[in-house]
Amino acid sequence: MATIDRHATALVLAHALSAAERGLAVIPLSRTKLPALRSPHHEQPEPSFCHGECGRPGHGVYDASTDSRRIRELFAAAPWATGYGIACGLPPHHLIGIDLDTKSGTDAPAALRELALRHLFTIPATVVVATPSGGRHIWLAGPPDAVVPNSAGRLAPGIDIRGAGGYLVGPGSRTEHGVYSAVPGTAHLPPASCPTALLRLLTPPPRAHHPTLPQMPAPVQRGQGLVQFVLAAYEGQRNTRLFWAACRAYENGIGELLADELAAAALRVGLTEREARSTIASAARLTGHA
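Rules and cut-offs
Residues numbered from 1 in each chain as written. Predicted model: local features only at pLDDT ≥ 70, side-chain atom pairs only at ≥ 80, totals over all residues. Heavy atoms only, no water. Helix = DSSP H or I, 4+ residues; strand = E, 2+ residues; numbered from the N terminus. Buried < 20%, exposed > 50% of the residue type's maximum accessible area, 1.4 Å probe, protein only. Contact = heavy atoms within 4.5 Å. Areas by Shrake-Rupley, 256 points an atom, 1.4 Å probe, with all protein chains shown as cover. Pairing = 2+ DSSP bridges. Axes fitted to C-alpha atoms, helices over the stretch in contact; angles between N-to-C directions. Salt bridge = Lys/Arg side-chain N within 4 Å of Asp/Glu carboxyl O. Parallel < 35°, antiparallel > 145°, perpendicular 65-115°, else oblique. Left-handed = near helix turned anticlockwise from the far one by under 90°. Nonpolar A, V, L, I, M, F, W, Y, C, P; charged D, E, K, R; others polar. Core = buried A, V, L, I, M, F, W, Y, C linked by side-chain atoms within 4.5 Å.

> I keep staring at the overall build of the protein chain and nothing clicks. Help me out?
Counting its secondary structure elements, the protein chain contains nine helices and 12 strands. In the protein chain, which comprises 290 residues, the proportion classed as buried is 49%. For the protein chain, long-range pairs separated by at least 24 residues make up 72% of all intrachain contacts whose partners lie at least 6 apart in sequence. For the protein chain, the computed accessible surface area is about 14600 Å², with 56% contributed by carbon and sulfur atoms.

> Just to check I follow, could you spell out the pairing of strand β6 (residues 151–156) for this structure?
The side chains of a regular strand alternate, residue by residue, between the two faces of the sheet. Direction of pairing for β6 relative to strand β7 (residues 159–162): antiparallel, over a ladder of three bridges. Note on β7: the bridge partner recorded for Ala156 is Ile159. Counting the residues between successive antiparallel strands, the hairpin from β6 to β7 contains two residues, one of them, Gly158, with a positive phi of roughly 85 degrees.

> Please clarify how the sheet that holds strand β8 (residues 167–169) should be interpreted in this entry.
What links the strands of a sheet is backbone hydrogen bonding, and the strands pair in either a parallel or an antiparallel sense. Spatially, the three strands line up as an open sheet ordered β1-β2-β8, and their pairing is antiparallel. Of all strands in the sheet, those bounded by a partner on one side alone are β1 (26–29) and β8. For this sheet the average axis-to-axis angle between neighbouring strands, irrespective of direction, equals 35 degrees. Across four bridges, the pairing between β1 and strand β2 (residues 83–87) is antiparallel. Along β2, the bridge assignment pairs Leu29 with Gly83. Sitting on the sheet, helix α2 (residues 68–77) is in contact with β1 and β2, with an inclination near 15 degrees to β1.

> Would you mind going over the pattern of salt bridges with me for this structure?
Pairing of side chains with opposite charge becomes possible as their charged atoms draw close. For the structure shown, the criterion picks out five salt bridges. The shortest N-O distance in the salt bridge between Arg70 and Glu73 comes to 3.7 Å. Taken together, the residues Arg70 and Glu73, both in helix α2 and three residues apart, mark about one turn of the helix. The partly exposed category is assigned to Glu73, whose relative accessible area is 43%. Between Glu114 and Arg118 there is a salt bridge, with the nearest N and O atoms lying 2.8 Å from each other. Linking Glu114 with Arg118, this pair stays in helix α3 (residues 108–119), spanning four residues, or about one helical turn. Using a relative accessible area of 53% as the deciding quantity, one classes Arg118 as exposed.

> Got a minute to help me understand the environment of Arg268 in this structure?
Following the sequence through the fold, Arg268 ends up in helix α8 (residues 255–268). Look at Arg268 and you get exposed, because its relative accessible area is 62%. Considered as a pair, Arg268 and Leu231 are 37 residues apart in the sequence and their alpha carbons are 7.2 Å apart.

> In this structure, what is going on with the packing of helix α6 (residues 224–231) against α8? I would like to understand it.
Two numbers describe a pair of packed helices, the interaxial angle and the distance between the axes. Relative orientation of the contacting elements α6 and α8 amounts to 20 degrees, with a least axis distance of 8 Å. Here α8 runs roughly parallel to α6, going by the angle between their axes. Taken as a pair, α6 and α8 cross one another with a handedness that is right-handed. In this structure, α6 contributes Gln224, Leu226, Val227, Val230 and Leu231 to the contact, and α8 contributes Leu258, Glu261, Leu262, Ala265, Ala266 and Arg268. Its residues placed into classes, the contact of α6 with α8 shows eight nonpolar, one polar and two charged.

> It is not clear to me how unusual backbone geometry should be interpreted in this structure. Could you clarify?
Most of the time, phi is negative for any residue but glycine, and the peptide bond is trans. The residue after Pro91, namely Pro92, is reached through a cis peptide bond having omega 5 degrees. A positive phi angle is found at Lys33, which is not glycine, with a value near 75 degrees. Look at Lys33 and you get partly exposed, because its relative accessible area is 33%. The phi dihedral of Leu120 is positive, around 60 degrees, even though this residue is not glycine. On the secondary structure map, Leu120 appears in the loop between α3 and β4 (128–130).

> Please explain the nonpolar core as it appears in this structure.
Generally speaking, a soluble globular protein has its nonpolar side chains buried in company with each other. In terms of nonpolar packing, the biggest core is built from 32 residues, with Val26, Ile71, Phe75, Tyr84, Ile86, Leu95 and Trp139 touching the most fellow members. Elements that contribute at least two residues to this core include exactly α1 (2–21), β1, α2, β2 and β8. If sequence neighbours within four positions are ignored, Ile86 has contacts with Leu24, Ala25, Val26, Leu95, Trp139, Gly166, Tyr167, Leu168, Gly170 and Pro171. Counting residues in hydrophobic clusters, the runner-up holds 26 residues, among them Ala249, Ala266, Leu271 and Ala284.

> What is the right way to look at the pairing of strand β3 (residues 95–100) in this model?
Across the six residues of β3, six count as buried, placing the element largely inside the fold. Where burial is concerned, the two faces of β3 agree: the one with Leu95, Gly97 and Asp99 and the one with Ile96, Ile98 and Leu100 are both buried. Relative to strand β5 (residues 136–141), β3 runs antiparallel, the two sharing six bridges. If you follow Leu100 over to β5, its bridge partner there is Arg136. The sheet contact formed by β3 and β7 spans four bridges and is antiparallel. Bridging across to β7, Asp99 finds its partner in Asp160.

Okay, here's the thing in structure tokens:
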């Protein structure tokens, strides 16, 4: 059994390194499709808001890397890994995953075709991954300035979206339900650009304009998409969304200007003031602004 596990890990590591060569940041996954490495903070009595600043692995998608040496270190720390996750929303591809489910009597491919007809778009030739349950993962590339949130069934029944802060199970991964594999003829394609009409359906609507409010500085106006991204958070993803949005804000030079708005948005979706400020401070440190 151990030999089989080592062979499976070696094989999936090869797949993960190949993905990284294409600019896709990866992490090791267990057979359950969850990150293989446990959080180094799991025994702490208080929730940890660390996203890798401690320097240890075990921070889920925040561990994702395209560096071959780092990837080998992650897999060496998780010799039981039989799969790998591909982080969405990161450069250069800003990957968006369209997860078409066929379980529970849903026909997600038909729902996507209906959306395409209604909104006048077509899915271009791109990477498509077959899941063990008979579903499909369609890979698309988003523009750098678009923040696509994760969602489940919001677009249509059976269609889940993997966006910023999410990940896709990579082809070649072996899970407890079977193997993920690229659909023949698509494995070596680059992720195709997401159709504009589909992208509009995937991104949060712009914030309503209130002319009676004081005019915001132009940089803060540019950051309203990030604020909306936090406001769209569900329970269980609020802190992740806030951290991601704060990182993007600091990287774009508007972190200090946008910090209060991001914190206010986090409070509206259920985080405490302490949690929100701690997460924003972590983002500032990670991006070199603290």
